[in-house]
Amino acid sequence: MLFLRAPLLLAQQALLQKQVELDKTAGTVQELLQELSRKGSFTFSYGNNIGLQRQVTLQHKSQTVEAHLQELFAGQQVAYLLRENKIILYVPAKSQTNNPVPQKVTVSGYVTDKATGETLIGATVQAPASRSGVVSNQYGFYSLTLPAGETTLQVSYIGYQSQTLSLHLQRDTTLALPLTAASTTMNAVTVTAPGQQQLAPAGLLSMPVERLQRVPTLLGEPDLIKALALTPGVTTGNEGTTGLLVRGGTQDQNLILLDEATVYNAAHLFGFVSIFNSDALKKVDMYKGGFPARFGGRLSSVLDITMKEGNNQELKGEASIGLISSRFNLEGPIGSDRTSFMFSGRASYLSLLLLPRYFDFKRKSTASYYNYHLYDLNGKVNHQFKDGSRLFLSIYNGTDFWNAQEKNSDELTKLQLGWGNTTATARYSRVLHPKLFYRSVLTHSQYRYHLTGENRFQESESNQITSTYATQSTVRDWTWRNGIDYFPGANHQVKLGSEITNHVFQPGAIRTNSALDTDTLQRANQQIGAWEYVLYAEDEALPLP
């Protein structure tokens, strides 16, 4: 290995002399670099030209960082630079006479939360010297093409400490960008008008979950829909309800997506609470205008919600008790930092508050009784493969249930009403090239509504007449999406994709013991199917400032 030594700070020299014991000593260069980075608690930056797929077997499991690197790149023309807690590996220009340094190189990778490993959506990566920048996509991936040579990258995200990196770029480079959450205490705040351009698309409102949880709402329950209603151009119509009315539109003119699966009904408790548990959410984007082509034609707004991926560094849990419901959240790694999970739940205890009335009803102290409860369950598992590709599996299920009974001396009437959503998402993503990001998504969405009635009439001591009636309406979708994000140059991004959806509608399946015409029942219970096909293309180019 060829070492190019520059004057080193004591802290940097200490990094090279740090003793690190590896769990494995055989594998590709890339696998062993990742193992060394994880065990040594520092990061690497390198290009694709240092032989990442070359098989290596180390002679020693425990030795200094410098000794590990000597073994990894024995006989190879690889040099290094030190930048704080980062080691930059590259092939010196003089050893590449047959491969001249290109005029343009591409830096790509993922922007993540350093503490949890969660990818950060919408993080800004800029190179001030070349007046270029890019925003990480829905999966936290970024790709930025820059002139070769010395450059400075600035990475920023709301609620996190900005990071500035000095790089020497000679080839396409994969660079992970972990950010640290900003301190919550501030001595002073200075508001200035930035001279750099705004990278966020027009009409887009991004709301951090931390801000959502601080918005005061009905009965102290953090509520996404009510928080959005406090922004310009958005209202909920009737006071206390959760239906969004955006710029004069109606509730059915909004598209609501949870991990890219369609949500048809976003309300609990007859519209007073939304179905979104803030503990399970990672990012909320609301488009009030200029909708991207990938969302199709929408009249009012698009609400794109992403759930947490799970902390891949440590097991962590939290729970809270509210006036109408309680909730919990549990997340952590599974086996290693390549796999993580998140599981969150919320349930109301209104039924417990109504227990005294239920006992009175059973003792016949009162002639009527009613009960109500709701719950939400969110789950997600994600895994990163050795080749850098990622697989995400997520699910949501939520239900409301209302029950009422009324009884007198010879008659009992029961009424049950329920509705709820179920969504499931399987997503696979992979970096095909530093400028190409591929994703494939399979989603399932179901909305159900049922009404059941029963009447029992005691005609005589030996004869009871029972009448039942039940109806259920459902909407079920299966959707398969494929898309490619292409980053041709600075401030330029192209999205291409396709989508196919199978809709199955059940307007009202009827079950009853009453005499009804057979043809009427068959028509009512008939399902209606439909197919929807989509091709889209987006080309977003931001002018230089």
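The structure this text deals with has already been given above.
Residues numbered from 1 in each chain as written. Predicted model: local features only at pLDDT ≥ 70, side-chain atom pairs only at ≥ 80, totals over all residues. Heavy atoms only, no water.

## A closer look at the overall build of the chain
Part 1 of the reasoning: Broken down by element type, the chain carries eight helices and 34 strands.
Part 2 of the reasoning: Here the chain holds 545 residues, and 48% of them are scored as buried.
Part 3 of the reasoning: Working note: accessible area of the chain is about 26,900 Å², and carbon and sulfur atoms make up 55% of it. (Helix = DSSP H or I, 4+ residues; strand = E, 2+ residues; numbered from the N terminus. Buried < 20%, exposed > 50% of the residue type's maximum accessible area, 1.4 Å probe, protein only. Areas by Shrake-Rupley, 256 points an atom, 1.4 Å probe, with all protein chains shown as cover.)

## So, a nonpolar patch on the surface
Part 1 of the reasoning: A grouping of Leu-315, Phe-328, Leu-330, Phe-343 and Leu-377 is seen on the molecular surface, where their side chains present a nonpolar patch of about 430 Å² in accessible area.
Part 2 of the reasoning: Tracing the backbone shows Phe-343 in strand E27 (residues 336-348). (Patch = residues over 30% accessible without salt bridge, like charges linked within 9 Å, V, L, I, M, F, W, Y side chains within 5 Å. Salt bridge = Lys/Arg side-chain N within 4 Å of Asp/Glu carboxyl O.)

## A word on the packing of aromatic side chains
Aromatic ring pairs: the centre-centre distance and the angle between the two ring planes describe each pair.
Part 1 of the reasoning: By the definition in use, this model includes 13 aromatic pairs.
Part 2 of the reasoning: Look at Tyr-139 and Phe-392: their rings are 6.1 Å apart centre to centre, the planes differ by 50 degrees, and that puts the pair in the tilted class. Within this pair, whereas Tyr-139 is found in the loop between strand E10 (132-135) and strand E11 (141-147), its partner Phe-392 is found in strand E29 (residues 390-407), the two being separated by 253 residues in sequence. Each member of the pair, Tyr-139 as well as Phe-392, is classed as buried.
Part 3 of the reasoning: Ring pairs connect the aromatic residues Tyr-110, Tyr-139, Phe-141, Phe-392, Phe-437 and Phe-487, which therefore count as one cluster.
Part 4 of the reasoning: The ring of Tyr-110 carries the charged tip of Arg-390 above its face, separated from the ring centre by 3.9 Å. (Phe/Tyr/Trp six-rings, centres within 6.5 Å; stacked < 30°, edge-to-face > 60°. Lys NZ or Arg CZ within 6 Å of the ring centre and 35° of its normal.)

## Notes on the environment of His-450
Part 1 of the reasoning: You can see His-450 is positioned in strand E31 (residues 436-460).
Part 2 of the reasoning: A relative accessible area of 23% places His-450 in the partly exposed class.
Part 3 of the reasoning: Spatially, the C-alpha atom of His-450 lies 9.9 Å from that of Ile-510, the residues being 60 residues apart in sequence.
Part 4 of the reasoning: For His-450, the contacting residues outside a window of four places in its chain are Phe-401, Gln-416, Leu-417, Gly-418, Thr-471 and Gln-472. (Contact = heavy atoms within 4.5 Å.)

## Remarks on the packing of helix H2 (residues 29-40) against helix H3 (residues 65-72)
Part 1 of the reasoning: Where H2 meets H3, the axes come as close as 11 Å, and the angle between the chain directions of the two elements is 175 degrees. Here H2 lies roughly antiparallel to H3, going by the angle between them. Counting all contacts with H2, which are made through Leu-32, Leu-33 and Leu-36, the residues of H3 involved are Val-65, His-68, Leu-69 and Leu-72.
Part 2 of the reasoning: Split into classes, the residues belonging to the contact of H2 with H3 amount to six nonpolar, one polar and no charged. (Axes fitted to C-alpha atoms, helices over the stretch in contact; angles between N-to-C directions. Parallel < 35°, antiparallel > 145°, perpendicular 65-115°, else oblique. Nonpolar A, V, L, I, M, F, W, Y, C, P; charged D, E, K, R; others polar.)

## Notes on empty space enclosed by the protein
Empty space among the atoms can be located by rolling a probe the size of a water molecule over them.
Part 1 of the reasoning: Throughout the structure, instances matching the rule amount to two cavities of 30 Å³ or more.
Part 2 of the reasoning: Its volume calculated, the largest cavity comes out at about 110 Å³.
Part 3 of the reasoning: Looking at the largest cavity, it is lined by 15 residues, and the ones nearest its centre are Leu-89, Tyr-90, His-168, Gln-170 and Thr-173.
Part 4 of the reasoning: Tallied by class, the residues present in the lining of the largest cavity amount to seven nonpolar, seven polar and one charged. (1 Å grid on protein atoms, 1.4 Å probe; cavity = no way out; pocket = protein on both sides within 12 Å on 5 of 7 lines; lining within 4 Å. Points joined across faces, edges and corners; volume = space filled by probe spheres on them.)

## Concerning the sheet that holds strand E26 (residues 325-334)
Part 1 of the reasoning: Taken in spatial order, the 10 strands line up as E25-E26-E27-E28-E29-E30-E31-E32-E33-E34 in an open sheet, and their pairing is antiparallel. Where the open sheet ends on each side, the last strands, each with one partner, are strand E25 (316-321) and strand E34 (528-541). Looking at each pair of strands side by side, their axes are set apart by 10 degrees on average, direction ignored.
Part 2 of the reasoning: Two elements, strand E28 (residues 368-384) and E29, share 17 bridges in a ladder whose sense is antiparallel. Residue pairing in the sheet places Gly-379 in a bridge with Ile-395 of E29.
Part 3 of the reasoning: In the packing of helix H7 (residues 355-362) onto the sheet, contacts are made with E28, E29 and strand E30 (411-433), and the angle to E28 comes to roughly 135 degrees. (Pairing = 2+ DSSP bridges.)

## Examining H3
Part 1 of the reasoning: Residues of H3 that are buried: Val-65, Glu-66, His-68, Leu-69 and Leu-72. In a view along the axis of H3, the buried residues occupy a sector of 160 degrees, so they form one face of it. (Arc of directions from axis to C-beta.)

## Focus: the nonpolar core
Part 1 of the reasoning: One finds Val-111, Val-125, Tyr-142, Leu-153, Leu-175 and Leu-177 to be the most contacted residues of the largest nonpolar core, which totals 32 residues.
Part 2 of the reasoning: The residues contacting Leu-175, other than those within four sequence positions of it, are Ser-45, Lys-86, Val-107, Ser-108, Gly-109, Tyr-110, Tyr-142, Leu-153, Leu-165 and Leu-167.
Part 3 of the reasoning: Grouped together as the second largest cluster of nonpolar side chains are 26 residues, Leu-212, Val-246, Leu-258 and Met-307 included. (Core = buried A, V, L, I, M, F, W, Y, C linked by side-chain atoms within 4.5 Å.)

## What to know about the pattern of salt bridges
Part 1 of the reasoning: A complete count under the given rule lists 19 salt bridges for this structure.
Part 2 of the reasoning: Asp-279 is the partner of Arg-327 in a salt bridge, and the nearest nitrogen-oxygen pair spans 3.0 Å. Note that Arg-327 is positioned in strand E26 and Asp-279 in the loop between strand E22 (273-274) and strand E23 (281-287), a separation of 48 residues in sequence.
Part 3 of the reasoning: When its relative accessible area of 13% is taken as the criterion, Arg-327 is described as buried.
Part 4 of the reasoning: Look at Asp-279 and you get buried, because its relative accessible area is 7%.
Part 5 of the reasoning: Where Arg-294 meets Glu-538, a salt bridge forms, and the shortest distance between an N and an O atom there is 2.9 Å.

## Quick word on the pairing of strand E33 (residues 492-512)
Part 1 of the reasoning: As paired elements, strand E32 (residues 463-489) and E33 share 18 bridges and run antiparallel to each other. The residue bridging Val-475 from the neighbouring strand is Phe-505, located in E33.
Part 2 of the reasoning: In this structure, the hairpin formed by E32 and E33 is closed by a connection of two residues, where Asn-491 is found at a positive phi of approximately 60 degrees.

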